[in-house]
Amino acid sequence: MAGAIVEQLPIPCLYLGEGPLWQPDLEALLVVDVFGKAVRRHFVRTGRHQVLHIDDGGEAKTVTMVIPVEGSPDSYLLTVGNRICVVRWRTQDPDEHTVRPRVVKDTRDSHFNDAKCDPRGRLWVGTTGPQDEAGEITQMFAGALYRLDHDLTFNKCVDKVSCSNGLTWSPDRKTFYYIDSEAFSVDSFDYDDVTGNISNRRTVLDYSTACLGGAIPDGMTSDVDGNLWIANFRGSQVICVDPVKGRVTRQVDLPSKNVTSVCWGGPDYATLYVTSGKMRLNLEDLERCPAAGGTFAITGLGTRGAPATAFRSAVDLAADFE
């Protein structure tokens, strides 16, 4: 796309990078190393790079989300397998550091996937059906989308989900957008900002009719104009969608086939940070695409996003930390 500048960040290429999140107070980008069971924190201005390894005794295979806890600067929510956990991670910790997570909530579903906090700080987090060793879903419609409220009440909001993925809200807080990747569509719901309830599901963009080939909708964010920015797994691009017209308006190509997620960041939130993965790529693919699994910064888009919301808990999640 004319005007857009794509830069690869000095973060190791990951088998599956996910869940980017900008921390303005630290001028740092958080990235989840899903199968490495770690979270990476890249300080953009200084170049420092911290890695937090998660030791849960080998019970889970994945870490898929990291979200700060409001009012507790060193506390973060993580999804570890099928559990929502809390950890402490400080900037003064060693650049390679390992912690044992403390469980907040769990589910009987296979495992958690993408997650984000709504404008009021409630956590929305989805699950997927069981997967084989290659990461392919083996049981459709076995996942769900949940909401974790301030008092840690856990609510199922959408059921019969195959692969819960991207989620974001409109700037006016009236619409919730959601992706079940295996449905190959972007959907919207009416959203009640006070209660967190959603209703009236409809399709915003159908990937088959939008001629997006074999691309799979993955992570998603919105800009201040209400447009959606969507990462395309098995597609080397991020697309911008006008949700009112239901059509793709822009596309930015990236040097990685499996583009996984997006977030806005930088001092003015005009940089779109993008994660990707090497997952399901063979040696020939990797030779052709050495940047696969990289983390990228896109500038020059002519728009910007809003700061991410931290989790607002009515319970002191850090009470048991030393």
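Note that the structure is predicted; figures quoted are calculated from it, not measured. (Residues numbered from 1 in each chain as written. Predicted model: local features only at pLDDT ≥ 70, side-chain atom pairs only at ≥ 80, totals over all residues. Heavy atoms only, no water.)

### Regarding the overall build of the protein chain
Applied cut-off: Here a helix means four or more residues in a row that DSSP labels H or I, a strand means two or more in a row labelled E, and each is numbered from the N terminus. For the radius of gyration, the atom set is restricted to C-alpha positions; the globular benchmark scales as 2.2 Å times the number of residues to the power 0.38. Residue burial is assigned from relative accessible area. The probe radius is 1.4 Å, only protein chains are included, and a residue is buried under 20% of its type maximum, exposed over 50%, and partly exposed in between. Each accessible area value is a Shrake-Rupley result obtained with a 1.4 Å probe; residue values ignore everything except the protein chains displayed when judging cover. A residue counts as positive if it is Lys or Arg and as negative if it is Asp or Glu; His and the chain ends are not included. Think of each charge as sitting on NZ of Lys, CZ of Arg, CG of Asp or CD of Glu.
When helices and strands are counted, the protein chain shows one helix and 25 strands. In summary, the protein chain has a C-alpha radius of gyration of 18 Å against a globular reference of 20 Å for 322 residues, a match within 12%. Judged by the C-alpha coordinates and their principal axes, the protein chain covers about 55 × 45 × 40 Å. Split into buried and exposed, the 322 residues of the protein chain put 57% on the buried side. Surface accessibility of the protein chain: about 13500 Å² in total, with carbon and sulfur atoms responsible for 47%. Placing the 33 positive and 43 negative side-chain charges of the protein chain at their respective mean positions leaves the two points 2 Å apart.

### Focus: the packing of aromatic side chains
Each aromatic ring pair is summarised here by two numbers: the centre-to-centre distance and the angle between the ring planes. Stated formally: Note on ring pairs: Phe, Tyr and Trp rings are taken, using the six-membered ring of Trp, and paired if centres are within 6.5 Å. Classes follow the plane angle, with under 30 degrees stacked, over 60 edge-to-face and the rest tilted.
Inspection of every chain in the model, using the stated rule, returns 12 aromatic pairs. With a centroid separation of 5.6 Å and 10° between ring planes, the pair formed by tryptophan 22 and tyrosine 273 is classed as stacked. Linking tryptophan 22 in strand β2 (residues 17–23) with tyrosine 273 in strand β24 (residues 271–277), this pair joins segments that are 251 residues apart in sequence. In this structure tryptophan 22 comes out as buried when scored by relative accessible area, which is 7%. The exposure class assigned to tyrosine 273 is buried, which follows from its relative accessible area of 4%. Connected via pairs of aromatic rings, a cluster forms that spans Trp124, Trp169, Phe176, Tyr178, Phe189 and Tyr191.

### Points about the pairing of strand β7 (residues 72–80)
For clarity, the cut-off: Between any two strands, pairing holds if DSSP finds at least two bridges.
β7 sits mainly inside the fold: seven of its nine residues count as buried. Of the pairings in the sheet, the one linking strand β6 (residues 63–69) to β7 comprises six bridges and is antiparallel in character. What sits directly across from proline 68, in β7, is tyrosine 76. Connecting β6 to the antiparallel partner β7 that follows it, the hairpin turn spans two residues, and glycine 71 within it adopts a positive phi of roughly 80°. As paired elements, β7 and strand β8 (residues 83–88) share six bridges and run antiparallel to each other. Directly across from tyrosine 76, in β8, lies its bridge partner valine 87. The antiparallel hairpin formed by β7 and β8 contains two residues in its connecting segment, where glycine 81 sits at a positive phi of about 60°.

### Some words on the UniProt feature "domain: SMP-30/Gluconolactonase/LRE-like region" (unreviewed entry) in the protein chain
What counts here: UniProt positions are given in the numbering used here, feature names are shortened, and annotations may be inferred rather than shown by experiment.
Sequence positions flagged by UniProt for "domain: SMP-30/Gluconolactonase/LRE-like region" (unreviewed entry) are, in local numbering, residues 16–277. Helix and strand shares over residues 16–277 are 0% and 58% respectively, and the end C-alpha atoms of the span are 4 Å apart.

### A few points about the nonpolar core
A general feature of soluble globular proteins is that nonpolar side chains tend to end up buried together. Threshold: Buried Ala, Val, Leu, Ile, Met, Phe, Trp, Tyr and Cys residues form a nonpolar core when they are joined through side-chain atoms within 4.5 Å.
Counting 39 residues, the largest nonpolar core has Ile54, Leu77, Ile84, Leu123, Phe311 and Leu317 as the members making the most contacts within it. Listing elements by their share of this core, those giving two or more residues are β3 (28–33), β5 (49–54), β6, β7, β8, β11 (111–117), β12 (123–128) and β13 (143–148). Formed by 26 residues, the second largest nonpolar core is a distinct cluster that contains Ala4, Ile11, Leu14 and Ala231.

### Some points on the environment of histidine 150
Note the following rule: Residues are treated as being in contact if the distance between any of their heavy atoms lies within 4.5 Å. Under the rule applied, a polar contact is a pair of N or O atoms within 3.5 Å (in protein, one hydrogen donor and one hydrogen acceptor; residues adjacent in sequence only if both atoms are side-chain atoms).
For histidine 150, the location among the structural elements is in the loop between β13 and β14 (154–161). Beyond its immediate sequence surroundings of up to four residues, histidine 150 is in contact with Arg120, Gly121, Arg122, Arg312, Ser313, Ala314 and Val315. Among the polar contacts listed, one links the side chain of histidine 150 to the backbone oxygen of arginine 120, at a separation of 3.4 Å.

### Section: the sheet that holds strand β23 (residues 258–265)
Each strand in a sheet pairs with another by means of backbone hydrogen bonds, the pair being arranged parallel or else antiparallel. Stated precisely, the cut-off is as follows: Every axis in this analysis is a line fitted to C-alpha atoms, fitted for helices over the stretch in contact. Angles between the N-to-C directions lie between 0 and 180 degrees.
The strand order β1-β25-β24-β23 describes an open sheet built from four strands, whose pairing is antiparallel. Looking at the sheet topology across the chains shown, the edges are occupied by β1 (5–8) and β23. Averaged over all pairs of adjacent strands, the angle between strand axes in this sheet comes to 25°, irrespective of strand direction. Sheet topology places β1 next to strand β25 (residues 296–299); four bridges connect them, and they run antiparallel. From the neighbouring strand, glutamine 8 faces β25, where its bridge partner is phenylalanine 296.

### Notes on the pairing of strand β15 (residues 164–169)
Looking along a regular strand, one sees side chains alternate from face to face of the sheet. By the criterion of burial, β15 is predominantly enclosed, with six of the six residues buried. Across four bridges, β15 lies against strand β16 (residues 175–180) in antiparallel orientation. The residue bridging tryptophan 169 from the neighbouring strand is phenylalanine 176, located in β16. Counting the residues that bridge the hairpin from β15 to β16 gives five residues, and of these arginine 173 lies at a positive phi of roughly 65°.

### A look at the sheet that holds β5
Strand order in the open sheet formed by five strands is β2-β3-β4-β5-β9, and the pairing between neighbours is mixed. The two strands at the open ends of the sheet, each matched to only one other strand, are β2 and β9 (96–99). Recorded for the sheet is a direction-independent mean angle of 20° between the axes of neighbouring strands.

### Considering the environment of valine 259
Along the polypeptide, valine 259 turns up in strand β23. In this structure, the C-alpha to C-alpha distance between valine 259 and tyrosine 177, residues 82 residues apart in sequence, is 19 Å. Once residues lying within four places of it in the same chain are set aside, the contact partners of valine 259 are Asp218, Ala231, Asn232, Phe233, Gly235, Ser236, Gln237, Val238, Leu254, Val274, Thr275 and Ser276.

### A word on the pattern of salt bridges
Note the threshold: Think of a salt bridge as a Lys or Arg side-chain nitrogen and an Asp or Glu carboxyl oxygen that are within 4 Å of each other.
According to the stated counting rule, one finds 18 salt bridges in the structure shown. Ionic pairing is found between glutamate 136 and arginine 280, a salt bridge with its closest N-O pair at 3.8 Å. Of this pair, glutamate 136 sits in the loop between β12 and β13 while arginine 280 is found in the loop between β24 and α1 (283–288), placing the two residues 144 residues apart along the sequence. Between glutamate 284 and arginine 288 there is a salt bridge, with its nearest N and O atoms 3.1 Å apart. Of this pair, glutamate 284 and arginine 288 both sit in helix α1, four residues apart, roughly one helical turn. For arginine 288, a relative accessible area of 58% puts it in the exposed group.

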